[in-house]
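Close look at the chain arrangement
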Amino acid sequence: EIDHTLGSSGTLDNTTLHRAPIIRIYGNSSAGKKCCLHIHQVYPYFFVEYTGSMEPEHGTSTNEPVFLNNHAASAVRRYISKLMRSLNYAISISLKTNLQSRKLQFVRAIVLVKGVHFYGFHTSYTPFLKVHIVDPMFVNRAVTIMRSGTVMATRFSVFESHLNFVLQFLCDFGLYGCGWIELSQAWQRGRGDVQDEESPALPLPASPHFRQTRMPI
């Protein structure tokens, strides 16, 4: 079983946000013990096509690697910063919330990426912006606002917004039901607590997050 929740951010979230999404996966470990795995630093996202300035430093062929000069890179950063502020403001207005509150950060980050359009015939990559949203509940609202033309007076074409948060995570990491998850790093919650036979200590470092339940899974 897999689901997600929105909890208070901590050390493993690597963010200054007040709350951050956490994916929870229930199952058995390779040691044969039942466990609940918490996945941090994963956010829902969608793509929009980037139409701003991005001139190559060398060459004009679309088949050659594209390198941004300082002027173009600065223009991309300004565009992303403006889009992030505008989208965050638009979501706040739609929710009729206090615009002065520091807790109202709906957009986690916007990253410049490249991809190939799904429809039509294309021979080269196209720049896209990957928009990460803090709360999965507001993804559809953000997509509707981006398509409405209220952000930067532009009707954005949105891609891959039809996948829900959990399905995005499974697809991005090549996971499937009844499969194994290989972890390069893991921490155990409640390691400093008194252990019982149902939840023995594992050879893992202690997690900075508290243990949420004392009941066996």
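Whatever comes next refers back to the structure up there.
First, a word on what this report is: a plain description of the structure on this page. Every value quoted in this text rests on a predicted model; they were computed, and no experiment measured them. (Residues numbered from 1 in each chain as written. Predicted model: local features only at pLDDT ≥ 70, side-chain atom pairs only at ≥ 80, totals over all residues. Heavy atoms only, no water.)

Below, the discussion takes up the pattern of salt bridges. Enumeration over the complete set of coordinates arrives at one salt bridge. Arg24 is the partner of Asp3 in a salt bridge, and the nearest nitrogen-oxygen pair spans 3.1 Å. Here the residue Asp3 occupies a position in strand E1 (residues 2-8), and Arg24 occupies one in strand E2 (residues 19-28), the gap between them amounting to 21 residues. (Salt bridge = Lys/Arg side-chain N within 4 Å of Asp/Glu carboxyl O. Helix = DSSP H or I, 4+ residues; strand = E, 2+ residues; numbered from the N terminus.)

In this section: the nonpolar core. With 26 residues, the main nonpolar core has Phe46, Leu87 and Met146 as its most contacted residues. Of all elements in the fold, only strand E4 (45-49), helix H1 (70-95), strand E5 (107-115), strand E6 (126-133) and helix H2 (139-148) reach the threshold of two or more residues within this core. If you tally residues by element for this core, the top one is H1, at seven residues. For Leu87, the contacting residues outside a window of four places in its chain are Val107, Val131, Ala142, Ile145, Met146 and Val151. If you look at the next biggest cluster of nonpolar residues, it comprises six residues, including Ile23, Ile25, Val42 and Phe169. (Core = buried A, V, L, I, M, F, W, Y, C linked by side-chain atoms within 4.5 Å. Buried < 20%, exposed > 50% of the residue type's maximum accessible area, 1.4 Å probe, protein only. Contact = heavy atoms within 4.5 Å.)

Inspection of H2 places Val139, Ala142, Val143, Ile145 and Met146 among the buried residues, and these make up the whole buried set. One side of H2 holds all its buried residues, which, seen down the axis, span an arc of 165°. Seen from the open side of H2, the exposed residues pointing more than 90 degrees away from its buried face are Asn140 and Thr144. (Arc of directions from axis to C-beta.)

Once that is clear, we can look at helix H3 (residues 165-172). For H3, the full list of buried residues reads Phe165, Val166, Gln168 and Phe169. Each buried residue of H3 lies within a common arc of 160° when the element is viewed along its axis, so the set occupies one face. Taking the backbone nitrogen of Val166 as reference, a side-chain oxygen 3.3 Å away marks Asn164 as the first, capping residue of H3. Phi for Gly174, located one or two positions after H3, is positive at around 65°. (Polar contact = N/O pair within 3.5 Å; in protein donor to acceptor, adjacent residues only side chain to side chain.)

Among the five residues in E4, four count as buried, and that is most of the element. The sheet contact formed by E4 and E6 spans five bridges and is antiparallel. Residue pairing across strands places Phe47 opposite Lys130, the latter belonging to E6. The pairing of E4 with strand E7 (residues 158-159) spans two bridges and is classified as antiparallel. Bridge pairing in E7 links Val48 to Val158. (Pairing = 2+ DSSP bridges.)

This brings us to the environment of Ile25. Relative to the elements of secondary structure, Ile25 occurs in strand E2. Discounting chain neighbours no more than four positions away, the residues touching Ile25 are Glu1, Ile2, Cys35, Cys36, Leu37, Ile39, Phe169 and Ile181.

This part takes up the side chain of His117. Its place among the elements puts His117 in the loop between E5 and E6. At a separation of 3.3 Å, a polar atom in the side chain of His117 contacts the side chain of Glu49. Not counting residues within four places of it along the chain, the set of residues in contact with His117 comprises Glu49, His122, Thr126, Phe128 and Phe159.

For the rest of this paragraph, the subject is unusual backbone geometry. The phi torsion at Gln41 lies on the positive side, around 60°, for a residue other than glycine. For Gln41, the location among the structural elements is in the loop between strand E3 (34-39) and E4.

The antiparallel open sheet is built from four strands, whose spatial order is E5-E6-E4-E7. What marks the edges here is a single partner per strand, and that holds for E5 and E7. Contacts from H2 reach E4, E6 and E7 within the one sheet, and its direction differs from that of E4 by about 10°. (Axes fitted to C-alpha atoms, helices over the stretch in contact; angles between N-to-C directions.)

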